[in-house]
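Here is how the chains run, residue by residue.
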Amino acid sequence: MHRKTTVFLCCAVLALAATLGAASDVAPEPASPATDGTLPALTSIAGEGMLNSHAYDYLEQLSDDIGGRVTGSPACQRAIEWGVEKMKAIGLENVHTEKWQMSRGWTRVSASAELLEPLERRLKVDSMGWVGSTPAGGAEGEVVPVNDYNLDNEMKQNASSWAGKILLVVQKGEPPKDRMSSFAKFGPFLKAAYKAHAIAVIGGQGGRKSAGMRLTHTGALGFDTFYDIPVVSITAEDQDLLERFLDHGKTPRMRINVQNRITDGPVETANVVGEIRGTEHPEQIIVAGGHLDSWDLSEGATDDGTGVASVLGAAEAIVKSGRKPRRTIRFVLFTGEEQGLLGSEYYTEHPLYPLARTAADINMDALNVWGPTRDIVSIGMGASTIDKTIAAAAHSLGRVVRPDAEPGKGYFFRSDHFSFVKQGVPAFDPDSGVDYIGKPAGWGAKIHAEYTANDYHKPTDVIKPDWNLEGTVKDCELFFLVGYDIANASTMPTWNPDSEFRAARVASLKAAGMEQ
């Protein structure tokens, strides 16, 4: 199929899924599409709607024309204005921005490094986000290792010797079983390094070593947090060289120059919102969202240009279908996701409608661009009645649902759906399956690992000619059916009795007089 046709054939499906199926007249709760004979028609409507949408154009405009979109930057503001323009052109109702402030703005200026001893050569580095600068012109110092796997002891025993040094984070010995707790120690380490007058930290995101050929990465090091000390990512090749010198008893000396701009106070940004009003329960909301912001080393095409294009394509397809949902669909393009889910957190803490009336959140963050799979992964599976809806939709399409295979990496806490979950709103956060059709066993895990190593938060997150977007199509057909059931069920989804988030939902429903 032609690339521009295929790219986001599915994008519309998400909200189409979340809404389609309901005519303007009130009707009893429908049967599942898998059992009432409407499955082929619904899938066809979704596909036809997407064929006539501009989803691929949206992706190109956002990724190529606007590019990297750091929250609070001029590029992010252009993306916000672009999102408003597109939602209005699609024909959504109540299109507006919901402004919010983050504590400080940050802009990358430059970063360079040079090895001086035991040999002279340039090193490739890039600054992490929301960190400080070296003195103008840079600074020289010896490189000393700090073991990421033993940060507590490093801070207690070695911090007194860090003054005037460049700290290289290494990973030696047995890795901690709980990587999330280890990551949580990185912030205190950075504060200790600054207090000890270290020059800079070569540590990447939470001590994570870069990967890929001559690639650095970027990212935030805390939730709406600024660290005064410069922190950089260095290429794997250059880090390995420094580590080999240290392992052989040689002490590298280098010059590093990191320049960033940070505002003295808060900066304003905004989420972009548009709606398709429900005909029967307009006061009940399904949120279909992706994050508009990205990092600035690349275009942010996968993360999250694909999600944004999906949300807009879905909205356009529903409008063009002429069908109205029973419940209102709010399409939201969040900002601040990369800095700690800040835009979605603001939305849930300052809701236009009571969150008790939000039936569910469906999160679109970095879609499958590698081909169709027999499975789909549901992050946070086992927590709510949405699981049954997902399983039924998958079964009707000959697919299966799998839980997150790596819960220790904390994916459940790392995208915008979690802002809703914390407030008691059930959410569906899908991830790519791993059982790719026509590929050998293990290929899916391999391609996902390669994406993380070579593209995630890296200069290479761009639109690529070898993307196989049939997988996006198939996944969004499934999302379509999930949303269809949510939009037309007589009751809203609920948390399972043993879910830690059930209490928040029960309290909000009670406060709104909506006890289930």
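Above this text you will find the structure in question.
About the criteria used
- Residues numbered from 1 in each chain as written.
- Predicted model: local features only at pLDDT ≥ 70, side-chain atom pairs only at ≥ 80, totals over all residues.
- Heavy atoms only, no water.
- Salt bridge = Lys/Arg side-chain N within 4 Å of Asp/Glu carboxyl O.
- Helix = DSSP H or I, 4+ residues; strand = E, 2+ residues; numbered from the N terminus.
- Buried < 20%, exposed > 50% of the residue type's maximum accessible area, 1.4 Å probe, protein only.
- Core = buried A, V, L, I, M, F, W, Y, C linked by side-chain atoms within 4.5 Å.
- Contact = heavy atoms within 4.5 Å.
- Phe/Tyr/Trp six-rings, centres within 6.5 Å; stacked < 30°, edge-to-face > 60°.
- Lys NZ or Arg CZ within 6 Å of the ring centre and 35° of its normal.
- 1 Å grid on protein atoms, 1.4 Å probe; cavity = no way out; pocket = protein on both sides within 12 Å on 5 of 7 lines; lining within 4 Å.
- Points joined across faces, edges and corners; volume = space filled by probe spheres on them.
- Nonpolar A, V, L, I, M, F, W, Y, C, P; charged D, E, K, R; others polar.
- Axes fitted to C-alpha atoms, helices over the stretch in contact; angles between N-to-C directions.
- Parallel < 35°, antiparallel > 145°, perpendicular 65-115°, else oblique.
- Left-handed = near helix turned anticlockwise from the far one by under 90°.

(A) Examining the pattern of salt bridges more closely. Evaluated as defined, the whole model comprises 22 salt bridges. Close ionic contact of Asp296 with Arg108 constitutes a salt bridge, the shortest N to O distance being 2.8 Å. In this pair, Asp296 sits in the loop between strand 11 (281–291) and helix 11 (301–321) while Arg108 sits in strand 2 (residues 106–117), placing the two residues 188 residues apart along the sequence. In this structure, the salt-bridge partner of Glu243 is Lys172, at a minimum N-O distance of 3.9 Å. Of the two residues, Glu243 sits in helix 10 (residues 236–247) while Lys172 sits in the loop between strand 6 (166–170) and helix 8 (179–184), which places them 71 residues apart along the sequence. The class of Glu243 is buried, set by a relative accessible area of 14%. A relative accessible area of 36% places Lys172 in the partly exposed class. Because the salt bridges share partners, they merge into one network encompassing Glu98, Glu275 and Arg330.

(B) Expanded view of the nonpolar core. Formed by 62 residues in total, the largest nonpolar core has its most connected members in Leu292, Phe331 and Leu478. By residue number, the principal contributor to this core is helix 16 (residues 470–488), which donates eight residues. Residues in contact with Leu478, not counting those within four places in the same chain, are Ile376, Ile390, Ala393, Ala394, Leu397, Arg399 and Phe428. Grouped together as the second largest cluster of nonpolar side chains are 21 residues, Leu151, Phe189, Tyr227 and Ile229 included.

(C) Local environment of the packing of aromatic side chains. All chains considered together, the criterion is met by 17 aromatic pairs. Residues Phe412 and Phe418 carry aromatic rings whose centres are separated by 5.7 Å and whose planes lie at 70° to one another, so their mutual orientation is edge-to-face. Under the relative-accessibility criterion, Phe412 is labelled buried at 16%. Residues Phe413 and Phe418 carry aromatic rings whose centres are separated by 5.1 Å and whose planes lie at 85° to one another, so their mutual orientation is edge-to-face. By relative accessible area, which is 12% here, Phe418 ends up buried. A connected cluster of aromatic rings, assembled from ring pairs, spans Phe412, Phe413, Phe418, Trp495 and Phe501. The ring of Phe226 carries the charged tip of Arg104 above its face, separated from the ring centre by 4.5 Å. When the ring centre of Trp443 is taken as reference, the NZ or CZ atom of Lys439 above it lies at 4.9 Å.

(D) Region of interest: empty space enclosed by the protein. Taken as a whole, this structure holds five cavities of 30 Å³ or more when the rule is applied. Put simply, the largest cavity is a space of about 90 Å³. If you go around the largest cavity, you meet 14 residues; those closest to its centre are Ile379, Gly380, Ala383, Ser384 and Ala427. When contributions to the lining of the largest cavity are tallied by element, the ones reaching two or more residues are strand 14 (375–379), helix 13 (386–396) and strand 16 (427–431). The element best represented in the lining of the largest cavity is strand 16, accounting for three residues. As a volume, the second largest cavity reaches approximately 80 Å³. If you go around the second largest cavity, the residues you meet are Asp365, Ala366, Leu367, Asn368, Ile376, Pro430, Asp431, Ser432, Thr472, Asp475, Cys476 and Phe479. Within the residue set of the lining of the second largest cavity, elements represented by two or more residues are strand 16 and helix 16. Per element, the largest residue contribution to the lining of the second largest cavity is four residues, and it comes from helix 16. Its residues assigned to classes, the lining of the second largest cavity shows six nonpolar, three polar and three charged.

(E) Molecular detail of the packing of helix 5 (residues 55–66) against helix 6 (residues 74–90). One can describe the packing of helix 5 onto helix 6 by two numbers: an axis separation of 11 Å at closest approach and a directional angle of 160°. With respect to each other, helix 5 and helix 6 are oriented roughly antiparallel. Pair helix 5 / helix 6 crosses with right-handed handedness. On helix 6, the residues that touch Tyr58, Gln61, Leu62 and Ile66 of helix 5 are Ala75, Arg78, Ala79, Trp82, Lys86 and Ile90. Class assignment of the residues belonging to the contact of helix 5 with helix 6 gives a composition of seven nonpolar, one polar and two charged.

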